[in-house]
Amino acid sequence: MVKTSSSARLARSRVWAEPCLIEAAKKEYDGVIEEFLAVGEKLFGPYVWGRYDILFMPPSFPFGGMENPCLTFVTPCLLAGDRSLVDVIIHEISHSWFGNLVTNASWGEFWLNEGFTMYAQRRISTEVYAPWGEPTPEVWSSPLDTQSHPAAQALLALFAASS
Ligand SMILES: [Zn+2]
C-alpha cells in the first residue's frame, strides 16, 4: 500500500498492489493523485466519494482502467516508470464527476459519460501540466471543444457559470 499524500490530513488516496509492484507504484503516483483530485474539485466541484484508491489488477486485466466510486481498477501496464501514462488515472478520476456522480439514463447515451470525462480529463491535465493557461494542441482536438456542438455549448456554459 502506498499513501499518495505526505499529509495524514490529506491522505484520502492509497494505491494497492502486489508487493512486487509497490515501489514502482510509489514512484509513479506519489503525491500526484491528490493534486489531480484537488484540481478536479477546483474545476468541477467537491469530490463526494471520500476516498480515492487505486487497485492494481493482475496483468490479465483487459482494460487500462475501470472507474468505480472510491476505487479504480488499473492494469500494471500503467507503471511506465516515467509517469507518461498518468493520464489514464486523470481519466478515471474525471469519472468521479462524469459517469459516477452524473451519468447517462440509458446505454444509448453512454457516449456522454466518456465525452464529458474526456473533456474533464483534458481540463485537469491542462491545469496540472500547462498551468500558464496555454492549452496543449491535444486539448482542443476533441469534438466537444469545437463549441458548435449543442452538448459542448451546454457544458461550456455550465463550467463558465461555476467558475
Ligand atoms: Zn472512461
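Our structure's up above, just so we're on the same page.
Since we're looking at a predicted model, the values are computed, not measured. (Residues numbered from 1 in each chain as written. Predicted model: local features only at pLDDT ≥ 70, side-chain atom pairs only at ≥ 80, totals over all residues.)

### Some remarks on helix 2 (residues 32–44)
Worth spelling out the cut-off: Helix and strand definitions follow DSSP, with helices as H or I runs of at least four residues and strands as E runs of at least two, each counted in order from the N terminus. The span one expects for a helix is its residue count, reduced by one, times 1.5 Å. Each residue is classed by its C-beta neighbour count within 10 Å, where at least 20 other C-beta atoms makes it buried, 12 or fewer makes it exposed, and intermediate counts make it partly exposed; the C-beta atoms are placed from backbone geometry. As used here, the arc belongs to the directions running from the helix axis to the C-beta atoms. Here, residue contact means that the backbone-derived C-beta atoms of the two residues sit within 7 Å.
With 13 residues, helix 2 extends 18 Å between its outermost C-alpha atoms, agreeing within 8% with the 18 Å of an ideal straight helix rising 1.5 Å per residue. All of the buried residues along helix 2 are Ile-33, Glu-34, Phe-36, Leu-37, Gly-40 and Phe-44. On an axial view of helix 2, the arc spanned by its buried residues comes to 160°, and they lie on one face. Each element contacted by the buried residues of helix 2 is listed here: helix 1 (22–29), helix 3 (87–94) and helix 4 (110–129). Positive backbone phi, approximately 105°, marks Gly-45, located one or two places after helix 2.

### Quick look at the nonpolar core
Inside soluble globular proteins, nonpolar side chains tend to come together where they are buried. Heads up, the condition is: In these notes, a nonpolar core means any group of buried Ala, Val, Leu, Ile, Met, Phe, Trp, Tyr and Cys residues linked to one another through C-beta atoms within 7 Å.
Among the nonpolar cores identified, the biggest contains 22 residues, and Ile-33, Phe-36, Ile-89, Ile-93 and Ala-120 are the most heavily contacted of them. Elements with a contribution of two residues or more to this core: helix 1, helix 2, strand 3 (53–56), helix 3 and helix 4. Once residues lying within four places of it in the same chain are set aside, the contact partners of Ile-89 are Ile-33, Phe-36 and Ile-54.

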